[in-house]
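Read off the chains here:
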Amino acid sequence: MSTTRRPISISGAMLIIVALLLSACGGGGGSDATTGAGGNTGSAGTTASSAPGAASGAAGNASTAAGSAADATGAQGNAEISISLNADPPKLDPALSTAFVDRQVLNSIMDKLVDLDAEGNIVPMLATEWNVSEDGLTYTLKLREGVKFHDGTDFNAEAVRFNMERGMAETSPRRTELSAVQSIEAVDPQTVRITLKEPFAPFLSILTDRAGMMASPTAVQELGDQFLTKPVGSGPFKFQDRVKDTSITLVRNEDYWQEGLPKASRIVYKIFTDAPTALVNLRSGQVDITDTLPPKEVPGLQQDQNFQVINEPALGYQGFYLNTTRPPFDKKEVRQALDLLINRDALVKVIFGETATPAHSPFTKTNLAFGESNEYEQPNVEQAKQLLAQAGVPNPSFTFKTGTSPANAQFAQLVQNFLQPAGFSMQIEKVEFGTLLDQLEQGNFEAGAVGWSGRPDPDQNIYDVFVTGAPRNDSRYSNPQVDELLNQARRESDEAKRKELYNQVMQIVHEDVPYVFVYQPNNVFGMRANITGFTYVPDGIIRTANLNEQ
């Protein structure tokens with residue numbers, strides 16, 4: 001027996017350094033992995049986990065985040081909307097993507113099975129309704145009829161099966177998100193039955209992102225490796241072309257299933273890797289929306305009636321990985337000493353002002369797992385020296401890899417200054433964002449500044465970072481106790497019990513320090529006042545279907 005219910009609710013210096021750096025604050029690269037400073041990194045809000053036996057209902061219960069035609073502003077026209085991105089998207093393929101900027105573009109090209117609305121509710125998209133069995137193991141999804149991919153082929157249950165099995169492949173970063181899936185059955189063209197190996201609390205939440213994005217199976221098979229540069233979905237816009245490190249152009253999908261959408265005829269993503277340059281282009285009218293702003297410019301822009309500013313708490317986090325398999329961070333005491341030296345309050349004050357919060361965990365205040373794990377000690381140089389002496393490494397030397405934006409440089413310089421009094425020697429190496437991701441994935445680093453854009457469920461903020469062999473475990477960290485606790489949390493539907501499991505994980509992680517949590521950024525957007533149809537959604541993704549200009 002099963003029951004039905006409405007869509008699920010997705011219920012924070014040293015004075016010399018301040019004087020030196022305050023005038024140069026700017027934005028950085030936001031991603032999924034995200035570069036270590038600035039930019040937008042994801043979600044605000046938290047999810048109430050889907051309990052066994054629950055199911056979310058029909059499309060009439062809530063509109064999708066892309067917006068219903070009835071809510072759209074203005075008629076379809078010839079508007080071209082330009083959006084500034086703080087990094088060039090590395091992989092426009094939902095099965096291979098690991099970057100937040102990929103998601104900004106993919107969400108215009110690919111529809112998902114379910115989406116988030118402005119309140120953070122999980123709502124229908126390509127799946128119009130779903131039912132979950134009493135034991136929490138079987139999800140039956142009813143699919144929207146009459147939807148076609150940009151290449152003219154049909155979206156149907158076989159397409160869902162193809163995409164999810166592709167995401168489960170060993171080569172896909174989606175594999176741990178979908179690891180609970182045992183089988184996917186196309187019951188009929190408009191019905192999919194997904195059977196899990198065990199109850200998996202974040203499952204529907206995961207389908208609001210790339211694991212739920214639907215690519216054309218025909219295009220994937222025909223294009224092969226080229227698909228990640230020429231994506232084909234069923235979304236409001238179709239891929240037209242790209243100029244590396246410069247722009248990505250999308251054109252209206254004239255056959256989109258949502259009547260009257262999209263409003264604009266073209267979306268052009270322009271790449272500006274530092275926030276001041278993006279702001280100059282916003283002010284001059286070369287871009288209509290920017291995904292990052294220099295923090296010091298936010299108050300002034302908020303007072304300018306020619307612009308709109310979004311500055312909302314996100315669910316992501318920023319910090320840096322420590323490679324636990326390479327000196328000097330193969331010794332736990334060295335990692336502990338470094339963590340103890342970071343002045344989080346000063347760093348946020350210098351670089352981000354009111355657009356970020358000092359932090360020591362992957363969980364924001366609105367997350368069900370938020371708690372004492374986010375507390376942190378003030379810097380203690382003498383204690384750090386004692387830890388280094390205990391490790392037998394009194395003067396550790398390492399290279400800190402970071403992105404290329406001014407904010408990335410400021411972040412790295414502050415870390416460098418924090419560490420020097422205890423005897424650390426830190427060299428800074430600036431690396432192009434896509435290359436930085438590759439180097440961390442390959443283990444070619446000692447310390448690397450990459451954060452995470454945040455997701456509605458706590459599992460998605462922590463599991464892949466710390467579980468042995470997981471796709472984002474760039475630290476090469478392995479602790480069987482952490483593995484077991486995180487897997488328990490995935491199976492548990494009771495929120496209080498899940499929170500306690502995450503508390504236990506963070507106690508161990510703070511002891512082992514494979515990753516240094518530093519701050520939690522806001523989603524900060526700048527937008528020209530004549531742009532209409534923008535709806536802020538907690539995941540930090542700019543929905544483009546309703547965008548228009550007046």
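Our subject is the structure that appears above.
Report follows, based on the coordinates. If you're wondering where the values come from, they're calculated on a predicted model, not measured in any experiment.

Time to look at the pattern of salt bridges. The tally for this structure, following the rule as stated, stands at 23 salt bridges. Between arginine 498 and aspartate 457 there is a salt bridge, with the nearest N and O atoms lying 2.9 Å from each other. Taken together, the residues arginine 498 in helix H15 (residues 495-512) and aspartate 457 in the loop between strand S19 (450-452) and helix H13 (459-466) connect sequence positions 41 residues apart. The exposure classification of arginine 498 matches that of aspartate 457, with both residues buried. Three or more residues are tied together by salt bridges with common partners; here these are Arg103, Asp209, Arg210 and Arg455.

With that settled, consider the environment of lysine 112. Residue placement: lysine 112 occurs in the loop between helix H2 (100-109) and strand S3 (114-116). Judged by relative accessible area, which is 1%, lysine 112 ranks as buried. Along the chain, lysine 112 and threonine 208 lie 96 residues apart, while their C-alpha atoms are 6.4 Å from each other. Ignoring any residue separated from it by four or fewer positions in sequence, one finds lysine 112 in contact with Asn107, Met125, Leu126, Leu207, Thr208, Asp209, Gly212, Met213 and Arg543. There is a polar contact of 2.9 Å between the side chain of lysine 112 and the side chain of aspartate 115.

This part takes up the packing of helix H9 (residues 344-351) against helix H11 (residues 406-419). Put simply, H9 and H11 touch, their axes get as near as 11 Å, and they point 150 degrees apart. One element, H9, and the other, H11, form an angle in the roughly antiparallel class. Helix-helix and strand crossings are classified by hand; for H9 and H11 the assignment is right-handed. Only Gln410, Phe411, Leu414, Val415 and Phe418 of H11 make contact with H9, whose side of the interface consists of Ala346, Leu347, Val350 and Ile351. Within the contact of H9 with H11, the residues separate by chemical class into eight nonpolar, one polar and no charged.

All told, the structure shown has 19 aromatic pairs when counted by the stated rule. Between phenylalanine 320 and phenylalanine 411 the ring centres are 6.4 Å apart and the planes differ by 80 degrees, which places this aromatic pair in the edge-to-face class. Note that phenylalanine 320 is positioned in strand S14 (residues 318-322) and phenylalanine 411 in helix H11, a separation of 91 residues in sequence. We note that phenylalanine 320, like phenylalanine 411, is buried. With a centroid separation of 5.6 Å and an interplanar angle of 55 degrees, the aromatic rings of phenylalanine 363 and tyrosine 502 are classed as tilted.

The rules behind these values
Residues numbered from 1 in each chain as written. Predicted model: local features only at pLDDT ≥ 70, side-chain atom pairs only at ≥ 80, totals over all residues. Heavy atoms only, no water. Salt bridge = Lys/Arg side-chain N within 4 Å of Asp/Glu carboxyl O. Helix = DSSP H or I, 4+ residues; strand = E, 2+ residues; numbered from the N terminus. Buried < 20%, exposed > 50% of the residue type's maximum accessible area, 1.4 Å probe, protein only. Contact = heavy atoms within 4.5 Å. Polar contact = N/O pair within 3.5 Å; in protein donor to acceptor, adjacent residues only side chain to side chain. Axes fitted to C-alpha atoms, helices over the stretch in contact; angles between N-to-C directions. Parallel < 35°, antiparallel > 145°, perpendicular 65-115°, else oblique. Left-handed = near helix turned anticlockwise from the far one by under 90°. Nonpolar A, V, L, I, M, F, W, Y, C, P; charged D, E, K, R; others polar. Phe/Tyr/Trp six-rings, centres within 6.5 Å; stacked < 30°, edge-to-face > 60°.

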